[in-house]
Amino acid sequence: MNIVVNGKPQELEAMTNLQQLLEILQLGKGRIAIEVNGEIVPRSLFQETILQHDDSLEIVQAIGGG
Amino acid sequence: MNEQTQNTLTVAGVDYQSRLIIGSGKYKDFQENLQALENSGAEIITVAIRRVNLGQNADEPSLLDVISPDKYTILPNTAGCYNADDAVRTCRMARELLGDHKLVKLEVLGDQKTLYPNVTETLIAAEILVKDGFDVMVYTSDDPLIAKRLEEIGCVAVMPLGAPIGSGLGIRNPHNIRLILENAEVPIIVDAGVGTASDASIAMELGCDGVLMNTAIAEAKNPTLMASAMKKAVESGRESFLAGRMPRRQYASASSPIDGAFF
């Protein structure tokens with residue numbers, strides 16, 4: 001199946017959960033926040049959030065800014 | 001109120017020894033930013049919230065690995081937002097990212113050239129965020145009526161600009177800053193416009209509770225030295241305000257007595 005992560009297409013196996021996606025993207029350790037289809041998913045729910053075809057994700061971090 | 005109390009900046013019930021808040025943008029690298037932060041004495045540092053770079057080296061340190069939220073108060077901003085919805089969304093992402101973090105810097109911009117605040121959208125976003133339990137430090141114009149309105153909405157600090165963001169033009173309208181201060185019951189922090197140390201002192205001498213700056217330090221030829229200069233400027237401006245300046249006179253007033261002159 002296909003999802004979109006930060007505006008880029010990403011191919012995934014069916015039944016992949018959010019935690020597994022982070023490991024694929026090598027983002028497992030960082031301080032991040034995630035929206036799936038515009039809704040924030042708390043870290044405690046990453047494991048049980050099964051991604052669906054056409055899901056759109058935003059994964060953000062803190063960077064330098066004033 | 002004793003002098004010690006007066007020298008503490010209190011935002012959302014938390015006391016800070018430093019009245020200087022600095023940004024984390026435009027530095028050469030994280031190390032320079034951290035050194036500037038240490039030299040400035042600031043306890044609060046702003047950050048922006050942006051997409052992670054997919055494919056970036058997973059072992060590469062990120063900003064918050066270098067500038068620890070355990071040691072400093074991280075103030076996520078809504079820079080780059082031009083409407084209330086984007087700003088609210090950014091704050092909610094920041095809250096999640098920082099682990100139930102309530103303190104945010106709200107800025108809703110109106111125009112790319114001036115980066116002047118879009119005041120109507122700022123008011124809408126402030127209402128939503130305050131109702132949602134955020135402690136909102138809000139960037140705004142130097143309009144005293146809008147500043148008061150933002151305070152009434154429940155913002156924990158009101159942060160009028162001294163001049164456009166990144167312009168380094170100094171405090172262009174000290175009269176308006178004074179009018180804002182006259183009616184304020186929350187901290188008033190000049191945010192944007194400071195170019196050099198004397199600008200920071202001027203803001204503090206007006207009676208502001210603090211100064212927020214980024215470019216003045218980050219774009220100095222020697223940022224870490226400028227950070228140290230800004231620390232002193234904010235402290236000396238504050239002490240000068242508390243001390244109360246001498247009256248201005250039209251003509252001279254000799255400091256040495258005339259009595260006892262032998263010539």
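Residues numbered from 1 in each chain as written. Chains lettered and ligands numbered in written order. Predicted model: local features only at pLDDT ≥ 70, side-chain atom pairs only at ≥ 80, totals over all residues. Heavy atoms only, no water.

K.L.:
I keep staring at the overall build of chain B and nothing clicks. Help me out?
P.N.:
Along its length, chain B carries ten helices and ten strands. Here the C-alpha radius of gyration of chain B, 20 Å, is about what a compact globule of 263 residues would show, namely 18 Å. Its C-alpha atoms give chain B principal-axis dimensions of roughly 85 × 40 × 40 Å. Buried residues in chain B amount to 49% of all 263 residues. Sequence-distant contacts, at least 24 apart, represent 65% of the contacts inside chain B between residues at least 6 apart. Between the centroid of the 24 positive side chains of chain B and the centroid of its 34 negative side chains there is a distance of 4 Å. (Helix = DSSP H or I, 4+ residues; strand = E, 2+ residues; numbered from the N terminus. Rg over C-alpha atoms; globule rule 2.2 N^0.38 Å. Buried < 20%, exposed > 50% of the residue type's maximum accessible area, 1.4 Å probe, protein only. Contact = heavy atoms within 4.5 Å. Lys, Arg positive; Asp, Glu negative; His and termini not counted. Charge placed at Lys NZ, Arg CZ, Asp CG, Glu CD.)

K.L.:
For this particular structure, what's the right way to read the UniProt feature "active site" (unreviewed entry) in chain B?
P.N.:
UniProt annotation of "active site" (unreviewed entry) refers to B:Lys105 when read in the numbering used here. Looking at the secondary structure, you find B:Lys105 in strand 6 (residues 103-106). The buried category is assigned to B:Lys105, whose relative accessible area is 2%. Non-local contacts of B:Lys105, meaning those with residues more than four positions away in its chain, are made with A:Gly66, B:Thr46, B:Leu75, B:Pro76, B:Asn77, B:Thr78, B:Met137, B:Tyr139, B:Met159, B:Asp191 and B:Leu212. (UniProt positions renumbered as here; feature names shortened; annotations may be inferred.)

K.L.:
How should the interface of chain A and chain B be read in this particular structure?
P.N.:
Often, the extent of an interface is quoted as the loss of accessible area on bringing the components together. Each partner contributes to the interface: chain A provides 25 residues, whereas chain B provides 28 residues. The largest contributions to the chain A side of the interface with chain B come from A:Arg31, A:Gln61 and A:Gly66, which together make up 26% of the buried area. Between chain A and chain B we count two salt bridges in total. One salt bridge in this structure joins B:Arg51 and A:Glu58, with 2.8 Å as the shortest N-O distance. At the junction of chain A with chain B, the criterion picks out 13 residue pairs in polar contact (both at pLDDT 80 or more). Counting only elements with at least two residues in the side of chain A that touches chain B, the list comes to strand 3 (33-36) and strand 5 (56-64) of chain A. (Buried area = accessible area lost by both parts, 1.4 Å probe. Salt bridge = Lys/Arg side-chain N within 4 Å of Asp/Glu carboxyl O. Polar contact = N/O pair within 3.5 Å; in protein donor to acceptor, adjacent residues only side chain to side chain.)

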